[in-house]
Each structure stands twice: as C-alpha cells, then as structure tokens.
Amino acid sequence: MNKENIIEVKDLRVKFPVTGGVFLGKVAEVKAVDGISFEIRKGETLGLVGESGCGKSTAGKAIINILKFSSPDVEISGEVWLNSDEGGIDLLKLKRNEMRKYRSMIQMIFQDPYSSLNARLNVGQIIEEPMLYHTSMQKKERKERISWLLEKVGLQAEQSKRYPHEFSGGQRQRIGIARSLATNPKLIIADEPVSALDVSIQAQVINLLQELQKEFDLSILFIAHDLSVVEHISSRIAVMYLGNIVEVGEGKEIYHHPKHPYSRALLSAVPLPNPDLRNKERIILKGDVPTPLNKPSGCGFRTRCPIVQPSCADAVPPLEEKTPGHFAACPFVS
Ligand SMILES: Nc1ncnc2c1ncn2[C@@H]1O[C@H](COP(=O)(O)OP(=O)(O)O)[C@@H](O)[C@H]1O
Ligand SMILES: [Mg+2]
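Residues numbered from 1 in each chain as written. Chains lettered and ligands numbered in written order. Predicted model: local features only at pLDDT ≥ 70, side-chain atom pairs only at ≥ 80, totals over all residues.

1. Notes on the sheet that holds strand S8 (residues 219–224)
For step 1, the next point in the chain: Spatially, the 8 strands line up as an open sheet ordered S6-S7-S8-S3-S9-S10-S12-S11, and their pairing is mixed. Either end of the sheet is taken by a strand with one partner, and the two such strands are strand S6 (106–109) and strand S11 (320–323). Recorded for the sheet is a direction-independent mean angle of 20° between the axes of neighbouring strands. (Pairing = 2+ DSSP bridges. Helix = DSSP H or I, 4+ residues; strand = E, 2+ residues; numbered from the N terminus. Axes fitted to C-alpha atoms, helices over the stretch in contact; angles between N-to-C directions.)

2. Points about the packing of helix H4 (residues 123–134) against helix H5 (residues 139–152)
For step 1, the next point in the chain: For the pair H4 and H5, the least separation of the axes is 10 Å and the interaxial angle reads 120°. When the interaxial angle is binned, H4 and H5 end up oblique. Here the hand of the crossing between H4 and H5 comes out right-handed. Contacts from Gly-124, Ile-127, Glu-128 and Met-131 in H4 reach Arg-142, Arg-145, Ile-146 and Leu-149 in H5.
For step 2, the next point in the chain: Across the contact of H4 with H5, the residue classes break down as 4 nonpolar, 1 polar and 3 charged. (Parallel < 35°, antiparallel > 145°, perpendicular 65-115°, else oblique. Left-handed = near helix turned anticlockwise from the far one by under 90°. Contact = placed C-beta atoms within 7 Å. Nonpolar A, V, L, I, M, F, W, Y, C, P; charged D, E, K, R; others polar.)

3. Examining the site of ligand 1
For step 1, the next point in the chain: Ligand 1 sits among 14 residues. The nearest are Phe-16, Ala-32, Lys-56, Ser-57 and Thr-58.
For step 2, the next point in the chain: Mapped onto the shell around ligand 1, the elements with two or more residues apiece are strand S2 (25–41) and helix H1 (56–63).
For step 3, the next point in the chain: Residue contributions to the shell around ligand 1 peak at 3 residues, all from H1.
For step 4, the next point in the chain: Tallied by class, the residues present in the shell around ligand 1 amount to 5 nonpolar, 8 polar and 1 charged. (Near = placed C-beta within 6 Å.)

4. Quick word on the pairing of strand S10 (residues 244–250)
For step 1, the next point in the chain: Where burial is concerned, most of S10 is hidden: 6 out of the 7 residues are buried.
For step 2, the next point in the chain: In this sheet, S10 lies alongside strand S9 (residues 236–241) in antiparallel orientation, the contact comprising 6 bridges. The residue of S10 that forms the bridge with Ile-237 is Gly-249.
For step 3, the next point in the chain: Counted between consecutive antiparallel strands, the loop separating S9 from S10 contains 2 residues, among which Leu-242 sits at a positive phi close to 45°. (Buried ≥ 20, exposed ≤ 12 C-beta atoms within 10 Å, placed from the backbone.)

5. Some remarks on the pairing of strand S1 (residues 5–20)
For step 1, the next point in the chain: Pairing geometry for S1 and S2, over 13 bridges, is antiparallel. Bridge pairing links Lys-15 to Lys-31 in S2.
For step 2, the next point in the chain: Here S1 runs beside strand S4 (residues 75–84); their pairing, made up of 7 bridges, is antiparallel. Pairing of Ile-7 across the sheet is with Leu-82, part of S4.

6. Quick look at the sheet that holds S2
For step 1, the next point in the chain: Taken in spatial order, the 4 strands make up an open sheet running S2-S1-S4-S5, and their pairing is antiparallel. Two strands in the sheet have a free side with no partner beyond their single neighbour: S2 and strand S5 (87–90). Between one strand axis and the next, the sheet turns through 15° on average, direction left out of account.
For step 2, the next point in the chain: Against the sheet, H1 makes contact with S1, S2 and S4, and its axis sits at roughly 115° relative to S1, the strand it touches most.

7. Describing the confidence of the model for the protein chain
For step 1, the next point in the chain: Averaged over all residues, the pLDDT of the protein chain equals 91, while 96% of them reach at least 70.
For step 2, the next point in the chain: Looking across the protein chain, the model is least confident in helix H11 (residues 275–278), with a mean pLDDT of 54, and most confident in strand S12 (residues 326–328), with 98. (pLDDT = per-residue confidence, 0-100.)

8. Quick look at unusual backbone geometry
For step 1, the next point in the chain: With phi around 55°, Asn-184 is a residue other than glycine that occupies positive phi space.
For step 2, the next point in the chain: You can call Asn-184 partly exposed: it has 14 C-beta atoms within 10 Å.
For step 3, the next point in the chain: Although it is not a glycine, Asp-217 adopts a positive phi angle of roughly 55°.
For step 4, the next point in the chain: Tracing the sequence through the fold places Asp-217 in the loop between helix H7 (199–216) and S8.
For step 5, the next point in the chain: Given 10 C-beta atoms within a 10 Å radius, Asp-217 is considered exposed.

Set out below in structure tokens:
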C-alpha cells in the first residue's frame, strides 16, 4: 500500500441478511455499504457525509473490523488495508484474536456521549479500559496516562473518580475523546461526534479534536450527516448516498463547487454562510431516500435526481475524475 496512507479501503461491501418465513430463512438483504473505495492519508481528516441510513456507521465499523463480532450473519467483502508498523495488513482477513494487536492503532468516538460511556464505571476506569484490552501497559503507567489525558482534553485529573452522569454532554464527549486516545492510536473514527451536542458546544469539541490531531499526529475519519460540520475540519470530503460514495475531493472544492446532483442538493438544503452558494436556488429533492432493501438498479440516486437520464438505470456509475483530485460518480456533470 501507499506509504502516505494510513488506510486503504477497496470495494468494501456490507450486507445484512433479513430473515423471515416459517424457517427464518434469508428473504432479503440490506446492502448497507455497496462497494466503496477510498483512502485516508496520514495526518489528514477525511469527512464522510450523507443522510441517515446511507451506511456511514456501517462503513466505520467495517474499518475497525467489529461488525462480524457484533452481527454474526453479516456478509462483508472487499479489503481494508492498514499501514501498520509491520507494513500493510488487510484487517478484514484477521480473526478476532489477531485483530487485538491492531485495535490499539484504530479507535472510535461515538455520536451519543450519554449512552456510549458505561454509566457504572468511573471516568478513570472508562479511559483505562482500552489500555487494559489493547495494550500491555502496567498499572502505574495507565494511571499516569489517565491523568495526563484528562488534562489534554480540558478536564482535571481529579475528575477521574467521578461518574459520567456528573458531567455535561460536551464534557462527556471530552471523556470519549480521552478514551479514544488512550492507546495512542494512529486513526480515529469519529462517528457523528458532535451531532448530539448543542451547537454552542459543537465548535469547542471540533476545535479540541483539531488541536489533538496535530499534537498526536492523528488521521481522522470524521462522519457527519451535515456538510457544514465537516467543512472546517476536513482536508477531503467523501459524500455517500445509499451505500455508495458519489463524490470525493478536497474539502473546499466539494463545499464550493459540488458536482454530483446529490451533493448539490445536500449543500443547498442547509442555510449556508457561504456567499457563493447563498443566492443559489434551493434544490428540493423529490421523494424519500429509498431503503437499501430495495435499492434501485444502476445509480442509487436516480429516483430523486433532477437530471436523471434513461441510461442511469443500467449500471452504477463509477467515480470519474472531473478536475484534478475531484471525483464524481455521474457521467452527466463536468
Ligand atoms: N446490524 C444491522 N442489521 C441490519 N441492518 C442494519 C444493521 N446495521 C445497520 N443496518 C442498516 O444498514 C443501513 C445503513 O445503516 P448505518 O450504517 O447505521 O447508516 P448511517 O450511519 O449512515 O445512518 C440502514 O438501512 C440500517 O438500517
Ligand atoms: Mg450512523
């Protein structure tokens, strides 16, 4: 794999079987992730954006390779290459015990700081857990690291004896961030880390992540359903629709010059401080997001697309490089 990349995802597909009938056989399948490829460069933040249900969390969990342990029936194919100390390794080929060694390199931050922290553990224990499971650090080293991490995220070392319910939402997400940094990871998968927080708190948490990214030399996959949230933090942005990446490129490019009709609609739907787009017509999409259970043939977006053509039903359009480094999966835009 390329030395500049921390992760390379190749044609990742995740299907959840739907069972039913008398014998509870497979009656259908949910194509949650339907063939996505991308890379995350060392030290960069890649924003992954799309509406609820388009497969963002499933993609994140597939990368950290926890899906097959939490959903035993899941069908996963493709490759997820991690640039480890021993060179490139395809995580999807690893068994659970083999994965342990690499889990210290990738950690996840979850959307809801209320439910993602174990309420019965105190803050010190919460931050200590990943060190216990994924490292060989001794007790003294772990304790010192807990205090150090709490201060890094803007809390106090003395707060390690307190419990999650004693903290505000923003503080709890700081605890989640401290926990994610405990094993000194190379990649953080932040799954809508600010969606559950008040707008006034969101910027503080995003700024903290950015500071820590520099200090810890982290790569971040930053998942969000709203383009405006990822614009500030992302070097590049990938836009997802119904299990596919429909557009990817430099953050500024995607934000100021979106090409795919879906990205254009996604951008026009939010009130933007961006003057280039503010006066543009709002694009209102027809219809609801189809479910990944009965995904349309060809381009997944064609049932709602304002510029749909008959040929869009034929095949899933590939990502084409429209301008240097800017890819869109639509043959009808330039
Ligand atoms: N464990 C699961 N079993 C069955 N279907 C699932 C499971 N996890 C997710 N899905 C389905 O996969 C699709 C993508 O879900 P998800 O990855 O959570 O989307 P997002 O994070 O973008 O909101 C949805 O239709 C969801 O219902
Ligand atoms: Mg999600």
